[in-house]
Amino acid sequence: MKGRHLLPLAVMSLSPMALADFSFTADVESSGVFQDVKRTEQENQELASIIVEPGVSALYRSRKFNASVQSRYTFLEREINEDNRSDDYTEYTYNLAWTPLDRFLILSANGGLSYNNVNINSNIASDFLLNEDELSKTRSNRFAATVNLEEFSFLDATSTISYSSVTADRNEEFLAQGVDNKSLSANGTAQSKNNATDFIWQVNGDYSKTDRSASNSRDFESRQGSGFASYMVAPSWGITAVGQHEAYQIGRELDLFNTIREFNSIGIGVSYRQSATRVITITANKSDTDFESNDNDTFVGLDAEWAFSPRTKISASFGTRFYGDSANVNFTFNSKRIRWIASYSESVTTFSRLVSEPQSLGVFVCSAGSTLISDCFQPSSLSYELEAGEVFAQFTDPNFQIEDQVILRKALTSTIGFTGKRLSSQISLSVSNDEYVEIVRERDTVSASTSVGYKLGRNGKLSASVRYIQTEQTRDLDVNGESETWRTSINYRHALGRNLSTNIELSYLDRDNTDNTTFGGRDLEEKRINLSLKYKLK
């Protein structure tokens, strides 16, 4: 089974066509970890662990084919209050892209094996050394075909069809349900050429169906469509007509307890357009929906896309959907030393869709397997292409847990990164509200982190970080409890040579939990010391 995880890497390394532009890195890290763990109503635990972590990364690039594979194996030998125990974990990710027809057809595949929390209250309190029984092995795979139509004189169009599967093992100890979802999706965009001046239009469509029958849940189907058409009546000014459609169905159409949500609207207004990247549209709209509370309502819609400079831009949309007022905002700022990426989104989704199509807010590029900002750098371009052994770092914690439920998610995420000659730092924030569609439950989550790294001469690197997560669960309009967790750490890494380094890390974790709606919710305190030696091979 372990060999199967490395099969993609072996196939690439043996391929004759890959030899010319093939790069490979490997590393192995050996650690000794000492922990002092205190839990409510349990005896204190003193743990000593030996960890060996080999990792490999491979990258191939050519004009038509790109591929990358990363894999890491973790072996633990532990002594827990004089009892011995050993565990092992394998993780990997892969990304493949093939362009058989230039600028027309792109075939891609991506996925991996990771470990995710079955309890959101342990999102920063669970790893392979602590609360490891609250982690569930999660496999994801996604295959997609994208067609680009750019040769027509009157329009540009792109369309993607994808198939994805996500499975997460059932956690028997905590009675957490497993996930076994398969999704089929199609989306497309058609629009007028960027050089159009008198008549400008765009149409978007998105359809997804998630089969949840393997985990004894009802299928989830969603479709969305929107479009606009503007006729320019004066320099920079135009009359614009807009329309939108969205529908969600849980269960098959003939099911007795199927759930359907549908919303439509049309509107007309004015647009101010300086260029294709500087547009503001305001419209008056009327809704058509099955919900009496907002059927035939009139509302104002605002859509804006504005590039203040080649490095700074914002896009925003405000209007109404089946649940009421809605908004979507994206903002990017990029300078020589500071990068800021922020977004606010509202979507009806599931755990499997969040995993198969993750949002990326990585403003730093880091060494694979490392979470220290001192091992990271901020690339000069937003379109930076990763080298072997590199990943885009996600310092925000995922505000979700493994579950097979449909949710209405409203999420704000923001990451600001700074890079100086010796100092690097980042501040990340994630705020989300999850309203369950099939059951009466709501969850609010706030997570934040900050990290600072400083280079001490040629061979030393000092890092410090603080992470925080707070959750509040509500059922039947009653607050059932809260969970609040802090984790702080300080790390010093010293290079002993070009490929060899030593590391010491001190960390402290504290969780205060009054949430009685979830398992594994007891108060927790942990002190940890980690001593390690790492060797890199390039």
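Residue positions are counted from 1 within each chain, in the order its sequence is given. The predicted nature of this model means local features are confined to residues of pLDDT at least 70 and side-chain atom pairs, given and counted, to a pLDDT of 80 or more, with totals for whole chains, interfaces and linings taken over all residues. The basis for every side-chain value is the complete set of non-hydrogen atoms in the structure, without hydrogens or water.

### Brief notes about the overall build of the protein chain
The condition is simple: The helix count covers DSSP runs of H or I at least four residues long, the strand count covers runs of E at least two residues long, and both are numbered beginning at the N terminus. Each residue is placed in one exposure class: buried if its accessible area under a 1.4 Å probe, protein chains only, is under 20% of its type's maximum, exposed if it is over 50%, and partly exposed if it falls in between. A contact between two residues is defined here by any heavy atoms of the two lying within 4.5 Å. Computed with the Shrake-Rupley method and a 1.4 Å probe, the accessible areas treat only the protein chains shown as cover for residues.
When you go through the protein chain residue by residue, the secondary structure sums to three helices and 27 strands. Taking all 538 residues of the protein chain together, 44% fall into the buried category. Here the analysis covers contacts within the protein chain between residues at least 6 apart in sequence; of these, 56% occur between residues at least 24 apart. With the model as given, the accessible surface of the protein chain reaches about 27,500 Å², and the carbon-plus-sulfur share is 56%.

### Considering the pairing of strand β4 (residues 83-101)
The cut-off we apply is this: Here a strand pair is declared whenever DSSP counts at least two bridges between the two strands.
Where strand β3 (residues 65-80) and β4 come together, 16 bridges link them in antiparallel fashion. Paired with Ser71 across the bridge in β4 is Tyr92. Where β4 lies against strand β5 (residues 105-117), eight bridges are found, and the strand directions are antiparallel. Its bridge partner being in β5, Asn95 is matched across the sheet by Asn110. In this structure, the hairpin formed by β4 and β5 is closed by a connection of three residues, where Arg103 is found at a positive phi of approximately 60°.

### Focus: the sheet that holds strand β20 (residues 390-393)
Across a sheet, paired strands are connected by hydrogen bonds in the backbone, their directions being either parallel or antiparallel. Pairing within the open sheet is antiparallel, and its three strands lie in the order β19-β18-β20. In the strand order of this sheet, the two ends are held by β19 (376-377) and β20, each with one partner.

### Structural notes on the pattern of salt bridges
The cut-off we apply is this: Each reported salt bridge corresponds to a side-chain nitrogen of Lys or Arg within 4 Å of a carboxyl oxygen of Asp or Glu.
Within this structure, the stated rule accounts for 19 salt bridges. A salt bridge links Asp27 to Arg72, with the nearest nitrogen and oxygen atoms 3.1 Å apart. Placement of Asp27 in strand β1 (residues 22-39) and of Arg72 in strand β3 is noted, with a sequence separation of 45 residues between them. With respect to class, Asp27 is no different from Arg72; both count as buried.

### Regarding the packing of aromatic side chains
Condition: Stacked, tilted and edge-to-face pairs are distinguished by plane angle, under 30 degrees for stacked and over 60 for edge-to-face with tilted covering the rest, among Phe, Tyr and Trp rings (Trp via its six-membered ring) whose centres lie within 6.5 Å. The criterion for a charge sitting over a ring is simple: Lys NZ or Arg CZ within 6 Å of the ring centre, and within 35 degrees of the ring normal.
Counting across every chain of the model gives 12 aromatic pairs. For the ring pair Tyr248 and Phe322, a centre distance of 5.6 Å and an interplane angle of 55° mean the geometry is tilted. Of this pair, Tyr248 sits in strand β11 (residues 237-250) while Phe322 sits in the loop between β15 (312-321) and β16 (324-334), and the two are 74 residues apart along the sequence. Accessibility assignment for this pair places Tyr248 and Phe322 in one class, buried. Aromatic pair Phe351 and Phe400: ring centres 5.7 Å apart, planes at 70°, arrangement edge-to-face. With Phe351 in helix α3 (residues 351-356) and Phe400 in the loop between β20 and β21 (407-419), this pair connects stretches of sequence that are 49 residues apart. When its relative accessible area of 17% is taken as the criterion, Phe400 is described as buried. The aromatic ring of Tyr436 is capped on one face by Arg441, whose charged end is 5.1 Å from the ring centroid.

### Points about the side chain of Ser208
Keep this limit in mind: Polar contact is the term for a pair of N or O atoms within 3.5 Å; when the atoms are in protein, one must be able to donate a hydrogen and the other to accept it, and sequence-neighboring residues count only if both atoms are side-chain atoms.
Mapped onto the fold, Ser208 is located in strand β9 (residues 199-211). Here the side chain of Ser208 touches Ser185 through a polar contact of 2.9 Å, side chain to side chain. Leave out the neighbours within four places in its chain, and Ser208 touches Leu184, Ser185, Phe220, Glu221, Ser222 and Arg353.

### Some words on the nonpolar core
Going by this rule: The criterion is simple. A nonpolar core is a set of buried Ala, Val, Leu, Ile, Met, Phe, Trp, Tyr and Cys residues joined through side-chain atoms within 4.5 Å.
Counting residues in each nonpolar core, the largest one holds nine residues, listed as Phe220, Tyr248, Ile250, Phe263, Phe299, Phe322, Val348, Val406 and Leu408. If near-sequence neighbours (up to four positions away) are discounted, Val406 is found in contact with Arg212, Phe220, Ile250, Val348, Thr349, Thr350, Glu435, Tyr436, Val437 and Glu438.

### Some remarks on the confidence of the model for the protein chain
Our working definition: One number per residue, pLDDT, summarises how confident the predictor is, and it ranges from 0 to 100.
Per-residue confidence for the protein chain gives a mean pLDDT of 85; residues scoring 70 or more make up 90%. The model gives residues 1-19 a pLDDT under 50, and that stretch makes 26 contacts with residues more than four places away or in other chains.

### With respect to the environment of Arg218
For Arg218, the location among the structural elements is in the loop between β9 and β10 (220-234). When its relative accessible area of 27% is taken as the criterion, Arg218 is described as partly exposed. C-alpha separation for the pair Arg218 and Thr259, spaced 41 residues apart in sequence, amounts to 9.9 Å.

### Some words on the pairing of β1
Pairing between β1 and strand β2 (residues 45-61): 16 bridges, direction antiparallel. Counterpart to Asp36 in the pairing with β2 is Glu46. The antiparallel hairpin formed by β1 and β2 contains five residues in its connecting segment, where Glu41 sits at a positive phi of about 60°. Taken together, the 14 bridges between β1 and strand β27 (residues 524-537) define a ladder with antiparallel strand orientation. Note that in β27 the partner of Asp36 across the bridge is Lys527.

### Some words on the state of the cysteines
The condition that has to hold: The definition used for a disulfide is geometric: two cysteine sulfur atoms within 2.5 Å.
Enumeration according to the criterion identifies one disulfide in this entry. Put simply, Cys366 and Cys376 are joined by a disulfide, and their sulfur atoms are 1.8 Å apart. The S-S bond linking Cys366 to Cys376 shows a torsion near 105°; that makes this disulfide right-handed. Taken together, the positions of Cys366 in strand β18 (residues 364-367) and Cys376 in strand β19 put the pair 10 residues apart, joining distant regions of the chain. Each member of the pair, Cys366 together with Cys376, is buried.

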